[in-house]
2 protein chains.
Amino acid sequence: MKKYKQRKDLKNKPKAPTLIDVARVAGVSPITVSRALNQPDMVSEKAREKVQKAVEKTGYLPNLVAGGLATRSSHLVALIVPTVANPIFAETVRAINETLAEYGYQALLGLSGYNRDQEQDLLEAILCRRPDGIILTGLDHTDISLRRLHASQIPIVETWDLGDDPVDALVGFSHYDVGKEMAAYLLGRGYQRFAAVTADDSRAAKRLEGFTDHLAEAGIKHVPTNVIQTPARFSRGRSAFGTLLDQGVKCDAVYCSSDTLAHGVITEALSRGLRVPEDVAVIGFGDLDFAEASLPSISSVKINGADIGRVAAQALVAKMTADDNDPPPQTLVDVGFSIMQRDSA
Amino acid sequence: MKKYKQRKDLKNKPKAPTLIDVARVAGVSPITVSRALNQPDMVSEKAREKVQKAVEKTGYLPNLVAGGLATRSSHLVALIVPTVANPIFAETVRAINETLAEYGYQALLGLSGYNRDQEQDLLEAILCRRPDGIILTGLDHTDISLRRLHASQIPIVETWDLGDDPVDALVGFSHYDVGKEMAAYLLGRGYQRFAAVTADDSRAAKRLEGFTDHLAEAGIKHVPTNVIQTPARFSRGRSAFGTLLDQGVKCDAVYCSSDTLAHGVITEALSRGLRVPEDVAVIGFGDLDFAEASLPSISSVKINGADIGRVAAQALVAKMTADDNDPPPQTLVDVGFSIMQRDSA
DNA sequence: TTGAAAGCGCTAACAG
DNA sequence: CTGTTAGCGCTTTCAA
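Participant: What's the story with the overall build of chain A in this structure? I'm lost.
Facilitator: Within chain A, the secondary structure is distributed over 13 helices and twelve strands. The burial tally for chain A puts 51% of its 345 residues in the buried class. Sequence-distant contacts in chain A: of pairs separated by 6 or more residues, those separated by 24 or more amount to 68%.

Here's what the structure looks like:
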């Protein structure tokens, strides 16, 4: 039985058992252990059993760092979202995590805080880990990010938006159209005086633009708007609407860039003795659980964060596992949206 | 000028520039590039400049997989939480991410779904990546998980709980005490008939136990309780309370295992014409934004998820960077909690 | 079916 | 201050 070289523990670091340890115990060569674990069909049943026992005896856990270096594939996916404090992204993160895990991938989470520069830094740090794929939120990246993304040759899926010039694959919906539909919806129900409470991120801006554009086409040029900083919090929605009212704004419908803000707006309205939706209707965005299940007086644009996550992860997996000679699957998915009515107006 | 061996591109995989490429361009040895990047002080200014230029020219991004293998340190931290759908965990995740990033670490996120077996699987997958540290939620792990954790020799911080037998460091608070304090708080305000709406995870169970124990000491033996499945959602809280009321339960105060459930309970109460807190008071747990900022009629146990995350991450960093001959910093932090009053009762 | 040799890209150790 | 050498733990290639 041959001996295999063993590391000599330079810094007496705590050492986990290695393939070589297992091989020694099993009485086979390291490569046989490797195959028994990763390509069992290539190995005799006898060898497989010996290896299996040795693995249990040593408590061996493969070192994916070394494996990744050798195969140049990390089975790691970079996932960058603005925040997990927004439930809609939390749901997307969950779905992505789950779907990736099904295919043997793991997600490295980065939180960009709705900030392109922070995204760029995250991206740099993450690219150093040589992920097999990347999932980004939105289409709005710095030039440097874009350059790195293109140079990296790594499959990429952008999510939560639709646009002309994705880096690679794209899974989302049109925020501009969402805004237009929200306007059309309210106009169709007879509302005439509008106000808006919106966050300042780029997708919220697109929705607001769609909203005001559509109103403008209908002859309504003026929409008092209060822009709050991300992250959109209940409390900020509440105070933002309070400010508008204090400024003497009169409206029969309030546009909100998210359900969280809408919820705050409703609370503020109620606390001032306004009835919702009789005195003032409120429309939000995001399909939070509380919007769907309970608020008796809110309409909301329904987005399925889990769907987006699942579809995005699947698209990415397809790209990551595509053969080099396959035609590159140029994915582009419009997951759509719908307006959900929860009020009696 | 010496030449350094270069990979011969077995599978014509897309190749990112390597240290050797940079060394060639800079006209120095690879190790000098490595040092210029990681230990600039060990290198002459001239060399540093040459390397800097070569890096820019080649668009080089270091390969941390290779570096990690060589140094046996990944600068990766495993982070396992039950869910990010619960805002309190979302906040913890954010704080941990942020704090780790400050020290040059990155988090690998795993979602256990409040499930020990799922946690075990995640742990196995993550340990294969040889993280430098591990942050877990709670003290409740499978035997296999515990064995692996101990065997791994990796610094570990458990969070969100306090207990006798942590694997390593521990940052949290006593859920049992939280429950007792909630009971004491309500008793002190004169409430006498209680009901409970609670999730079925292990920490929620501890809180409920503290709550009912304290009430029992005060002679109140019966607390109608509706246990809902995790994840605790607004809608579930609402229907859980509805069920209790339908069963004829009379109460003047409702204990909820989280603010999300409390919010649902309040909505259900209001929708049935009950005034909160005049007819029924509601107490929750978690300090969500909406509880703090707005609900006029809820009391809540205030927990600072960001604090826990920050403290936990710092404790972990301290352990990860501790010298082998230093005494092991046996961290144990009780971050405490407080009850926040938002009602006028 | 199994093994030996040669790296993956980087850095620790030990000279110079 | 800079370079040489020898791995880190695994897998690929090529032989047997």
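Participant: Before we go on, may I ask you to explain the packing of helix α1 (residues 19-26) of chain A against helix α3 (residues 45-58) of chain A in this structure?
Facilitator: Helix packing geometry: the angle between the two helix axes and the distance between the axes. Residue and element names in this part refer to chain A. Between α1 and α3, the least distance of the axes is 8 Å, while the angle of their chain directions is 120°. Between α1 and α3, the interaxial angle falls into the category oblique. For the crossing formed where α1 meets α3, the hand is right-handed. Contact with α1, carried on its side by Val22, Val25 and Ala26, involves Lys50, Val51, Ala54, Val55, Lys57 and Thr58 of α3 and no other residues of that element.

Participant: How do you make sense of the packing of aromatic side chains when you look at a structure like this?
Facilitator: Where two aromatic rings form a pair, the distance of their centres and the angle of their planes describe that pair. Overall, the coordinates contain 14 aromatic pairs over all chains when judged by the stated rule. Centre to centre, the rings of phenylalanine 89 of chain B and tyrosine 114 of chain B are 6.5 Å apart; their planes meet at 65°, and the pair counts as edge-to-face. Note that phenylalanine 89 of chain B is positioned in helix α5 (residues 87-102) and tyrosine 114 of chain B in the loop between β2 (106-111) and α6 (116-127), a separation of 25 residues in sequence. Overall, phenylalanine 89 of chain B belongs to the buried group, its relative accessible area being 5%. Connected via pairs of aromatic rings, a cluster forms that spans Phe89, Tyr114, Trp160, Phe173, Phe285 and Phe337 of chain A. Its end group placed over the ring of phenylalanine 285 of chain A, arginine 207 of chain A keeps NZ or CZ at 3.8 Å from the ring centre.

Participant: Can you help me understand the pattern of salt bridges in this one?
Facilitator: Two side chains bearing opposite charge may form a pair once their charged atoms approach each other closely. Residues and elements named next belong to chain A. If you walk through the whole model with that rule in mind, you get 26 salt bridges over all chains. Linking arginine 116 and aspartate 140 is a salt bridge whose minimum nitrogen-to-oxygen distance equals 3.1 Å. Taken together, the positions of arginine 116 in helix α6 (residues 116-127) and aspartate 140 in the loop between β3 (133-137) and α7 (143-152) put the pair 24 residues apart, joining distant regions of the chain. You can call arginine 116 partly exposed: its relative accessible area is 37%. The partner of arginine 275 in a salt bridge is aspartate 279, and the shortest N-O contact between them spans 2.9 Å. Among the charged side chains, a network of salt bridges with common partners joins Arg238, Asp246, Glu268 and Arg272.

Participant: Sorry, what's going on with the relation of the copies chain A and chain B here?
Facilitator: The operation relating the pair of chain copies consists of a rotation about an axis and a translation along that axis. When chain A is fitted to chain B, the best match, at an RMSD of 0.2 Å, comes from turning it 180° and sliding it 0.1 Å along the axis. In symmetry terms, the pair is related by a two-fold rotation axis. In terms of C-alpha distance to the rotation axis, chain A has leucine 108 of chain A as its closest residue, with the C-alpha 2.5 Å off the axis. Of the interface residues in chain A, 98% have counterparts in chain B that sit at the interface too, so the contact is made through matching surfaces.

Participant: How should α5 of chain B be read in this particular structure?
Facilitator: In a regular helix each residue adds 1.5 Å, so 16 residues correspond to 22 Å; α5 of chain B covers 23 Å between its end C-alpha atoms and thus fits that length. Among the residues making up α5 of chain B, those that are buried are Ile88, Phe89, Ala90, Thr92, Val93, Ala95, Ile96, Asn97, Thr99 and Leu100 of chain B. Buried positions along α5 of chain B lie against β2 (106-111) of chain A together with β1 (76-81), β2, β3 (133-137), α9 (202-217) and α13 (305-320) of chain B. Of the residues trailing α5 of chain B, glycine 104 of chain B is marked for its positive phi of about 85°.

Participant: Teacher, can you tell me more about the sheet that holds strand β10 (residues 299-302) of chain B here?
Facilitator: In a beta sheet, neighbouring strands are held together by backbone hydrogen bonds and run either parallel or antiparallel to one another. All names here are of chain B. In spatial order, the strands read β7-β6-β8-β9-β10-β12; together these six strands make up an open sheet with mixed pairing. The outermost strands of the open sheet, each flanked by one partner alone, are β7 (225-228) and β12 (338-340). With strand direction ignored, the average angle separating the axes of adjacent strands in the sheet is 15°. Sheet analysis places strand β9 (residues 281-285) next to β10, joined by three bridges and oriented parallel. Following the sheet pairing, isoleucine 283 is matched in β10 by serine 299. Contacting β6 (194-199), β7, β8 (253-256) and β9, α9 crosses the sheet at an angle of about 165° to β6.

Participant: Explain helix α2 (residues 30-38) of chain A to me, please; I cannot follow it from the model alone.
Facilitator: An α-helical segment advances 3.6 residues per turn. Residues three or four places apart therefore align on the same side. Residues of α2 of chain A that are buried include every one of Pro30, Thr32, Val33 and Ala36 of chain A, and no others. All buried residues of α2 of chain A lie within an arc of 160° about the axis, which places them on one face of the element.

Participant: Can you help me understand the domain arrangement of chain A in this one?
Facilitator: You'll often see interface size given as the accessible area lost when the parts meet. Residues and elements named next belong to chain A. Considered domain by domain, chain A is made up of domain 1 (3-14 + 70-173 + 306-336), domain 2 (18-58) and domain 3 (175-302). Each partner contributes residues to the interface: domain 1 has twelve residues there, and domain 3 has ten residues. Buried surface at the junction of domain 1 and domain 3, summed over both partners, amounts to about 950 Å²; 60% is from carbon and sulfur atoms. Summed over the three residues of domain 1 that lose the most area to domain 3, namely Tyr114, Asp161 and Phe173, the buried surface amounts to 47% of that side. The shortest N-O distance in the salt bridge between aspartate 161 and lysine 206 comes to 2.7 Å. In this structure, the connection of domain 1 to domain 3 is made through three residue pairs in polar contact (both at pLDDT 80 or more).

Participant: Any chance you could explain the pairing of β10 of chain B here in plain terms?
Facilitator: The side chains of a regular strand alternate, first on one face of the sheet and then on the other. Sheet topology note: the β10 of chain B/β12 of chain B ladder contains three bridges and is antiparallel. Bridge pairing in β12 of chain B links lysine 302 of chain B to serine 338 of chain B.

Participant: Could you clarify how one ought to interpret the interface of chain A and chain B in this entry?
Facilitator: Tallying the contact residues gives 51 residues for chain A and 51 residues for chain B. Buried surface at the junction of chain A and chain B, both sides included, amounts to about 4400 Å², of which 61% is carbon and sulfur. At the boundary of chain A with chain B, the tally comes to zero salt bridges. Looking at the side of chain A that touches chain B, the elements that each hand over two or more residues are α4 (64-71), α5 (87-102), β2, α6, α10 (234-246), α11 (259-271) and α12 (289-293) of chain A. Of all the elements, α4 of chain A adds the most residues to the side of chain A that touches chain B, at six residues. Among the residues making up the side of chain A that touches chain B, the classes are represented as 26 nonpolar, 13 polar and twelve charged.

Participant: Please clarify how the environment of alanine 107 of chain A should be interpreted in this entry.
Facilitator: Residues and elements named next belong to chain A. Mapping alanine 107 onto the fold places it in strand β2. Its relative accessible area of 2% is what places alanine 107 among the buried residues. Alanine 107 sits 51 residues away from glutamate 56 along the chain, and the two C-alpha atoms are 28 Å apart.

Participant: Where do I start with the side chain of histidine 141 of chain B in this structure?
Facilitator: Residues and elements named next belong to chain B. Along the chain, histidine 141 falls in the loop between β3 and α7 (143-152). Judged by relative accessible area, which is 4%, histidine 141 ranks as buried. A polar contact is formed between the side chain of histidine 141 and the side chain of glutamate 158, at a distance of 2.6 Å. For histidine 141, the contacting residues outside a window of four places in its chain are Arg116, Glu119, Leu136, Leu146 and Glu158.

Participant: What's the story with the packing of α1 of chain A against α2 of chain A in this structure? I'm lost.
Facilitator: All names here are of chain A. Relative orientation of the contacting elements α1 and α2 amounts to 100°, with a least axis distance of 8 Å. With respect to their mutual orientation, α1 and α2 come out roughly perpendicular. Across the interface between the two elements, Leu19, Ile20, Val22 and Ala23 from α1 touch Pro30, Val33 and Ser34 from α2. The residue inventory of the contact of α1 with α2, partitioned by class, reads six nonpolar, one polar and no charged.

Parameters and conventions
- Residues numbered from 1 in each chain as written.
- Chains lettered and ligands numbered in written order.
- Predicted model: local features only at pLDDT ≥ 70, side-chain atom pairs only at ≥ 80, totals over all residues.
- Heavy atoms only, no water.
- Helix = DSSP H or I, 4+ residues; strand = E, 2+ residues; numbered from the N terminus.
- Buried < 20%, exposed > 50% of the residue type's maximum accessible area, 1.4 Å probe, protein only.
- Contact = heavy atoms within 4.5 Å.
- Axes fitted to C-alpha atoms, helices over the stretch in contact; angles between N-to-C directions.
- Parallel < 35°, antiparallel > 145°, perpendicular 65-115°, else oblique.
- Left-handed = near helix turned anticlockwise from the far one by under 90°.
- Phe/Tyr/Trp six-rings, centres within 6.5 Å; stacked < 30°, edge-to-face > 60°.
- Lys NZ or Arg CZ within 6 Å of the ring centre and 35° of its normal.
- Salt bridge = Lys/Arg side-chain N within 4 Å of Asp/Glu carboxyl O.
- Least-squares fit on C-alpha atoms with pLDDT ≥ 70 in both.
- Expected span 1.5 Å × (residues − 1).
- Pairing = 2+ DSSP bridges.
- Arc of directions from axis to C-beta.
- Domains from an automatic or database assignment.
- Buried area = accessible area lost by both parts, 1.4 Å probe.
- Polar contact = N/O pair within 3.5 Å; in protein donor to acceptor, adjacent residues only side chain to side chain.
- Nonpolar A, V, L, I, M, F, W, Y, C, P; charged D, E, K, R; others polar.

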